[in-house]
Amino acid sequence: MKSTLFKIIGGILLLAIGVFLGRTLLGTSGESTVPMPSTMQYRNVGHSGDTTQVAQRKEFTGQIIEVKKGGSIQEAVKAANPGDLIRVFPGTYSENVYIDKDDISLQGVIIKGEWPTLDGKHKINDGFLYSGNGILIENFKIINYKGNGIMGQAGNNFIIRNNWIIDTGVYGIFPQFGKNGLIEHNVLSVIADAAIYVGMCDNIDVRHNEVFDSVAGIEIENSRHCLVENNYVHNNTGGLLAFITPGLPIKTAFNIIFRNNFVVNNNHPNFGAPGSTVASIPPGTGILIMAADDVIVENNIITGNKNTGITIVDLATGDPKANDPNSEGNPDRVVILDNIMFGNGDDPTGEIKAIMLTQLETKGPDIFAYGGGIGSTIRDKNRYRTFGLGDYGPAQIEDTKDIKTMMLGAPVPPRSVTDQELGEITYYGVCAGCHALGTTLIGVDTQIIKDIYVDNPQGIVNYITKPLNLRDDYPEMPPQDYLSDEAKMAVAKYILQMTN
Amino acid sequence: MENKSTLLKLSIIGLLFSGLLLFFFSSDSSESYTDLAALNCHCPPGFKLNEDNKCISKNLYQQYDSPNNQGVGGLQTGLPVVRDGFTPQEIDLGRYLFFDPVMSIDGSMSCATCHEPNKGFSDGLPTSIGKDNLKLDRAAPTLWNVGYLKRLFWDGRAATLEEQMEMTLFSEVEMANNPENLLNTLNNIDNYRKLFAEAYPERDKKEDIELPEIFKALAAFQSSLISLNSKYDQYAHGYHAALNEKEIEGMNVFRSFVARCAECHTPPLFTNQQFAVIGSPEPDGLPLDPGAEIPFADKSMRGAFKVPTLRNIDLTAPYMHSGKFETLREAVEFYTKGRGHAVPKDEKLYIHWHIWEPELSDYELDRLVDFLKTLNDESFMPKMPETLPSGIKLTNQQT
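Residues numbered from 1 in each chain as written. Chains lettered and ligands numbered in written order. Predicted model: local features only at pLDDT ≥ 70, side-chain atom pairs only at ≥ 80, totals over all residues. Heavy atoms only, no water.

So, the overall build of chain A
- When helices and strands are tallied, chain A shows 8 helices and 36 strands.
- Projected onto the principal axes, the alpha-carbon positions of chain A cover approximately 90 × 90 × 50 Å.
- Within chain A, the proportion of its 500 residues that are buried is 54%.
- For chain A, the proportion of contacts with a sequence separation of at least 24, taken over those separated by at least 6, is 55%.
- Working note: accessible area of chain A is about 21400 Å², and carbon and sulfur atoms make up 55% of it.
- Within chain A, one finds 39 positive and 55 negative side-chain charges whose respective centroids are separated by 9 Å. (Helix = DSSP H or I, 4+ residues; strand = E, 2+ residues; numbered from the N terminus. Buried < 20%, exposed > 50% of the residue type's maximum accessible area, 1.4 Å probe, protein only. Contact = heavy atoms within 4.5 Å. Areas by Shrake-Rupley, 256 points an atom, 1.4 Å probe, with all protein chains shown as cover. Lys, Arg positive; Asp, Glu negative; His and termini not counted. Charge placed at Lys NZ, Arg CZ, Asp CG, Glu CD.)

Let's talk about the packing of aromatic side chains
- Going through the model one piece at a time under the given rule, you end up with 33 aromatic pairs over all chains.
- Aromatic side chains Phe128 of chain A and Phe140 of chain A sit 5.0 Å apart centroid to centroid with 65° between the ring planes, which places their arrangement in the edge-to-face category. Of this pair, Phe128 of chain A sits in strand β9 (residues 126–130) while Phe140 of chain A sits in the loop between β10 (136–138) and β11 (141–143), and the two are 12 residues apart along the sequence. For the pair shown, Phe128 of chain A and Phe140 of chain A are each scored as buried.
- Taken together, a centroid distance of 5.7 Å and an interplanar angle of 55° make the contact between Phe254 of chain B and Phe270 of chain B tilted. Here Phe254 of chain B, found in helix α9 (residues 245–255), pairs with Phe270 of chain B, found in the loop between α10 (261–264) and β3 (275–277); they are 16 residues apart in sequence, far enough to count as distant. Like Phe254 of chain B, the residue Phe270 of chain B is buried in the burial classification.
- Through a chain of ring-to-ring contacts, three or more aromatic side chains come together here, namely Phe98, Phe99, Phe121, Trp144 and Phe221 of chain B. (Phe/Tyr/Trp six-rings, centres within 6.5 Å; stacked < 30°, edge-to-face > 60°.)

Concerning the UniProt feature "domain: Cytochrome c" (unreviewed entry) in chain B
- Residues annotated in UniProt with the feature "domain: Cytochrome c" (unreviewed entry) correspond here to residues 89–190 and 245–376 of chain B.
- Taken end to end, residues 245–376 of chain B has its terminal C-alpha atoms 18 Å apart, with 28% of it in helix and 5% in strand. (UniProt positions renumbered as here; feature names shortened; annotations may be inferred.)

So, the state of the cysteines
Residues and elements named next belong to chain B.
- Within the structure shown, the criterion is met by 1 disulfide over all chains.
- Through a disulfide, Cys43 is tied to Cys55; the S-S separation comes to 2.1 Å. The sign of the -95° torsion about the S-S bond sets the Cys43-Cys55 disulfide as left-handed. Pair noted here: Cys43 is in the loop between α1 (2–34) and β1 (47–49) and Cys55 is in strand β2 (residues 55–57), with a separation of 12 residues, a long-range link. Each member of the pair, Cys43 together with Cys55, is buried. (Disulfide = S-S within 2.5 Å.)

Quick look at the pairing of strand β3 (residues 64–67) of chain A
Residues and elements named next belong to chain A.
- Burial along β3 is one-sided: Ile65 and Val67 are buried, while Ile64 and Glu66, pointing the other way, are not.
- Sheet topology places β3 next to strand β4 (residues 85–88); 4 bridges connect them, and they run parallel. Residue pairing in the sheet places Glu66 in a bridge with Arg87 of β4.
- In this fold, the crossover linking β3 to β4 by way of helix α2 (residues 73–79) has right-handed handedness. (Pairing = 2+ DSSP bridges. Right-handed = clockwise from strand over helix to strand, strands pointing away.)

Overview of the domain arrangement of chain A
- Taken domain by domain, chain A holds domain 1 (212–268 + 280–311 + 324–416) and domain 2 (419–496).
- Spacing between the C-alpha centres of domain 1 of chain A and domain 2 of chain A amounts to 57 Å. (Domains from an automatic or database assignment.)

What to know about unusual backbone geometry
- Between Pro267 of chain B and Pro268 of chain B the backbone carries a cis peptide bond, its omega angle lying at 5°.
- Take Pro268 of chain B: it is sitting in the loop between α10 and β3.
- Cis geometry is found at the peptide bond from Ala317 of chain B to Pro318 of chain B, where omega equals -5°.
- Note on placement: Pro318 of chain B falls in the loop between β4 (304–306) and α12 (328–334).
- Not every positive phi belongs to a glycine, and His225 of chain A is a case in point at roughly 60°.

Focus: a nonpolar patch on the surface
Residue and element names in this part refer to chain A.
- Side chains of Ile9, Leu13, Leu14 and Ile17 sit close together on the surface and give an oily, nonpolar patch of about 400 Å² of accessible area.
- Positionally, Ile17 belongs in helix α1 (residues 2–26).
- Residue classification places Ile17 among the partly exposed positions, given a relative accessible area of 44%. (Patch = residues over 30% accessible without salt bridge, like charges linked within 9 Å, V, L, I, M, F, W, Y side chains within 5 Å. Salt bridge = Lys/Arg side-chain N within 4 Å of Asp/Glu carboxyl O.)

What to know about the interface of chain A and chain B
- Listed by partner, the interface residues are 55 residues for chain A and 51 residues for chain B.
- In total, chain A and chain B occlude about 4500 Å² of area from one another, counting both sides; carbon and sulfur atoms represent 56% of this.
- Its largest share of buried area at the contact with chain B, chain A owes to Arg415, Tyr428 and Tyr482 of chain A, together 13% of the area lost on that side.
- A salt bridge links Lys78 of chain A to Glu245 of chain B; the shortest N-O distance between them is 3.0 Å.
- Scanning the region where chain A abuts chain B turns up 15 residue pairs in polar contact (both at pLDDT 80 or more). (Buried area = accessible area lost by both parts, 1.4 Å probe. Polar contact = N/O pair within 3.5 Å; in protein donor to acceptor, adjacent residues only side chain to side chain.)

Let's talk about the domain arrangement of chain B
Residue and element names in this part refer to chain B.
- As far as domains go, chain B holds domain 1 (47–227 + 380–388) and domain 2 (231–375).
- The C-alpha centroid of domain 2 is placed 26 Å from the C-alpha centroid of domain 1.
- The interface is formed by 38 residues belonging to domain 1 together with 35 residues belonging to domain 2.
- A combined buried area of about 2800 Å² lies between domain 1 and domain 2, and 60% of that area is made up of carbon and sulfur atoms.
- On the domain 1 side of the contact with domain 2, Tyr61, Leu75 and Trp154 bury the most area, a combined 25% of that side's loss.
- Our count for the contact surface shared by domain 1 and domain 2 stands at 1 salt bridge.
- Notably, a salt bridge pairs Asp289 with Arg138, separated by 2.7 Å at the nearest N-O pair.
- Our count for the domain 1 to domain 2 interface comes out at 13 residue pairs in polar contact (both at pLDDT 80 or more).
- Residue composition of the side of domain 1 that touches domain 2, grouped by class: 16 nonpolar, 15 polar and 7 charged. (Nonpolar A, V, L, I, M, F, W, Y, C, P; charged D, E, K, R; others polar.)

So this is what it looks like as structure tokens:
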């Protein structure tokens, strides 16, 4: 008996020691193994379109700035320079992070299931708000904001990835006016408008995201060259949307591919804000194409959407209240390739219900087209229950497998201005308010500046950064320290070489 | 005899003297015309003179691209296409015309009467005052950066500055002039004949002034009114210390998708140049202004107005198309008081989708005002002429 007990105790002890040793010796600290985020990769530079070889990859060149629980992400952004990586560790951060710089990467570090969480507490407007180019945001949980989870205003070459976004107000992820961006592996839910909203953008890939319990799942609006692929889009009011909203300054939407998505059971009651465009989407809408051109719908699984599987309408039908003579309102050249569709239209609502009743049908169709538009085609019309596809001819393509991405083969370059140009726009755009060559305005004749600082542009730079009033007959010059060092030197050199 | 001849001599001398006097007097008075400075041969600030004697727009936003060339985006986005390429002389002639009340039927109003430089090129009134002190229907919009706009007037009824000024000069209730009288008036002023000949050297000096010359010169001057060097612009170009914490908070409210200001008042011009029905109230007792519904003959645009720029907005109170709001604070508060809250009961307007219930706090509204004030910039203020070619005194119109 005794020895048995001894053996058991000994066994437990040994086990405990083993576990202890194992944990201490073999266990890894999460922090030391945080991998660098993978950056934007460009496969097409100098290669044909179908290669998988990475031809160009953005490199991390800067510092790593760590933000720990209790710290501020915004303070890190303020301290960061282009090329820097900001690592945010688990904790709750209730702030609006705005990034008005280029090439800043923000990487959440998830440790044993604990996420760095941005919590807007239903009081703060936006989680992340960026305007710079080359922004990367990944691994964040973003909850309870009033406006957006992540919003971009301009800003090219962005990556928004691996974020978990719940109830962030109007949009979850909303890049606007951006070119060349990747939105992938995000999970979004409970968004009152579009969970992922690509607005007035170009060359965007939206792939491998899960979006659910929102009014609109993924919305491509007034944007061109977008690939929406491999997303799981379920229980929204409407699943995938490609459309033109009239009255916006950029007025077209075309070249959009919906491919290999699961568009399932999008029957959520519509809780969009009154007056918003999505507030009029009938529940049970799988895919909605409104006024967008050259949209390809391929190899999606579109099932259980109670109104229709795919709805294709013109603006006059879909959004009759907002006229815009500069927006062409017909969906032209829509291409429906093979899709798995069943169980759609079981409980149609509103106009579609009324229209189907005129056909003595109580179910909504798999595919419903209404209004204007020319040149649309379908690969195998017979396999679906359709309405309004009478003038759809046979598709001229079988698939889009040659299109791997809509992103660009190389990053959108920043607009490059030469030093000469920078000097010129700075001189005429700023200095000319007070100075002119050969005449006296508020400040001295530019000729005098030229004469004083012959071959000494640094002298001009020093002066304009911290002016000293040397002349009683002229007002004091305000410091021009807000100009970048580059612009200051460029304008100094420009002034010295001016001849007229 | 002696006396007589002396008298004769004296009278001859006297005659000669008075003749000389007359001569000098008259030459003096004609010199008062020629004394007037000839037209400026330099471009105004913001423009570079090229080899063809044209002023080409230059500014720091030319460092940046603009998505689809629409001139709307974020902080570092290029501007829309501007009207430039006028000669310095056209611009300067336009400046004289702009300030000269001779342009109106009775010499009582100039362009500057409603677009006063020291009031943000507006007039500080809820709605402008027209001919014979008639109260007009709408507020005078600022002219800063007007050369970037594709539509003019609150209701967008003009597509060019030339169309716009024609409608104002010849409107019975505004400057009330007519083409014949305007041409007659200007052609009878030697100063203007000379200045027009200088601004349009390709034609014969003796030819009469023509309407397109007048319009082009005024368009040239108005297009030269550039305001792109505010504190906000310094921030946008990368100098983040240009704005204080409160102003930055305001900027973030401005561009958030809760307030949504930037969705229509989009940088860098702070207008996306579209039309929007926001349902703002008219001053007491005035009926609803149908706005763009009339020129576009489109019911859905009832109550729609062109989105105005917000640059120098702090200088152009009161606000909205008929000046209902006296302060910026009241104007921003309008947007959080409920979608359509001020629409008359018997009207059904298609309120813009961005007008919603943002539930902005008082604190946020205050910060928005802080931010809007950072858009002030008058560093390229043109000089008012010291004397006018018509001889009309400049001071009496700058009330």
